[in-house]
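Close look at the chain arrangement
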Amino acid sequence: MKSLVPKGFDFKEEEWRQAEREGRMLVLVPFISERCNLNCIYCMMKDERVKVNQERKLTLEDHKRVFRQAVDLGCKTIVISGLGEPFMDPYLYNKQDNTFPLLDLAEELDLYTVVFTNGMMIDSKLAQALYKRRISLIIKLSSLNESVFSELNHHEIQFVDYREKDGRLTRIPHYLKCLIEAGFSDGLDGNATRLINDVIITRKNMDEITEIIHFSLRNHMLTCIDPLVIKSEAERNRDELAITDSENRILYEKVKSTFSDYDMGMYDLSNCIIHNYGLVYDLEGRIRRCLAVPSDAGTIHDRSLAEHWSRLLEEKQAANLAYHISKTEDIFGVCPGRRYYSFSH
Ligand code: SF4
C-alpha cells in the first residue's frame, strides 16, 4: 500500500504511540491575519474576520510564549492558519524587509512549520525564499479548470502551462508552478511531500476531485480534500455549493476505489491530526476546538497551555467516542470536531 504524507505531519510510529499514551500535543495551530486577498464563495471565516478586536490581537511575544509552552507539551510542528490569508500578516511575512518572524521563532525552537495559504502572494522569489526554510505549504487548488477556479474564489486566477513530470502539459495556477519549480514537490526521503493541494468539495468541482488527486500524485503532491463547512459565506451560498449526502457517499466510494493502492487514511477525517493531536488558538488568543469550531474555553492569557490542553483532551476523547458510536458509513465531511460541534449546538 502506497502512502504520501505532508512533511511536518510525518511523525515516527513511536511518536504517534507516545502521543496517544501520554496525551502529548504534536501540533500547535496559531491563527493569524484577519485580512484576505480573495473573496471565496465557500469561505467559512469571512464573518469572523470583521469581529477581530485590533486592541486584543496577540503580539509576537505572546506567540513566542505559547510556542515555548507547546514545546514543553511535546509539540513538534506549528501549523499556521488564519481567518484570512496568513502571508498578508507581517508576523509570517514582512514584505518590506523580507523577513519571516514566526518562521524564525519556530526554527529557533526546532519546530517544523506547515502553512495554509491561498497562494496568491507567491511568486518565484517568495517560493525560492520559502523553499530554504523548514516549511510545507497547504495550498489552494479548487479546480484544474481556470473558470471554475476563478468562480469559486471570486477572483481571476492566473493559470499557466506546466510540463508535468511525465511530460504531459497541464494548466495550473501560476503560484503552484512557482512552488513546484522552487523544488517543493521534489522527492524527500521516505513518503513525505512539502506541497499539499487543498480542495473544498462543492457542486462546482465535485466531478474533478479524482482528476485533482491524480494530478497531485503524478507530481509528488498530496491532495487534502475538505468538506464544505456551512458557515459564513458558504452558508449564504449553500444551495449553489453544497452536495447531498448521497453524492458525498458516491464520491467517497469513487475516490476509495480509484486510489485503492493508496492509504485512504489520508482522506479519512476521523484521523484528523489537528483535531486529535493539536491545539488551535485565534488572533486574540481564544482557544478553538478545531480549525472550524470555536470554543468557550477561555484564552491563552487566562490559563497555561498545559491546563487548556488537559481540558481539551477530555473533550476530544468524548468527541471521538461520539463519532465512532454514530459513524455508520464512510463519507467525506464527517470528523470528530464537526460531529462534536453539531452535538453541542
Ligand atoms: S476561503 Fe481562505 S482564501 Fe478564500 S476568502 Fe476565505 S480565508 Fe480567504
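1. Quick word on unusual backbone geometry
Unlike most non-glycine residues, S33 shows phi in positive territory, near 50°. Topologically, S33 is positioned in the loop between β2 (27–32) and α2 (46–49). The backbone of D110 sits at a positive phi, close to 60°, despite the residue not being glycine. Within the secondary structure, D110 sits in the loop between α4 (101–108) and β4 (112–117). Classification of D110 as exposed rests on a relative accessible area of 58%.

2. Remarks on the environment of I273
With respect to the helices and strands, I273 occurs in helix α12 (residues 273–277). For I273, a relative accessible area of 18% puts it in the buried group. C-alpha of I273 to C-alpha of L228: the two residues are 45 residues apart in sequence and 18 Å apart in space. Discounting chain neighbours no more than four positions away, the residues touching I273 are F9, W16, V27 and G278.

3. Details of the pattern of salt bridges
Overall, the coordinates contain 30 salt bridges when judged by the stated rule. Here E22 and R24 are joined by a salt bridge, their closest N and O atoms 2.9 Å apart. The class of E22 is partly exposed, set by a relative accessible area of 45%. Ionic pairing is found between E107 and R133, a salt bridge with its closest N-O pair at 3.1 Å. Separated by 26 residues along the polypeptide, E107 in helix α4 and R133 in the loop between α5 (124–131) and β5 (135–140) bring together distant segments of the chain.

4. Thoughts on the packing of aromatic side chains
A full pass over the atoms with the stated rule returns 6 aromatic pairs. Judged by centre distance (5.0 Å) and plane angle (85°), the ring pair of F11 and W16 falls under edge-to-face. What makes F11 buried here is its relative accessible area of 11%. Seen from their ring centres, Y93 and F100 are 5.2 Å apart, and the 15° between their planes marks the pair as stacked. Residue class for Y93 comes out buried when judged on its relative accessible area of 9%. Here the aromatic residues F11, W16 and Y277 are joined through ring pairs into a cluster of three or more. In this arrangement the basic side chain of R194 is found over the ring face of F184, its NZ or CZ atom lying 4.5 Å from the centre.

Thresholds, definitions, all that
Residues numbered from 1 in each chain as written. Predicted model: local features only at pLDDT ≥ 70, side-chain atom pairs only at ≥ 80, totals over all residues. Heavy atoms only, no water. Helix = DSSP H or I, 4+ residues; strand = E, 2+ residues; numbered from the N terminus. Buried < 20%, exposed > 50% of the residue type's maximum accessible area, 1.4 Å probe, protein only. Contact = heavy atoms within 4.5 Å. Salt bridge = Lys/Arg side-chain N within 4 Å of Asp/Glu carboxyl O. Phe/Tyr/Trp six-rings, centres within 6.5 Å; stacked < 30°, edge-to-face > 60°. Lys NZ or Arg CZ within 6 Å of the ring centre and 35° of its normal.

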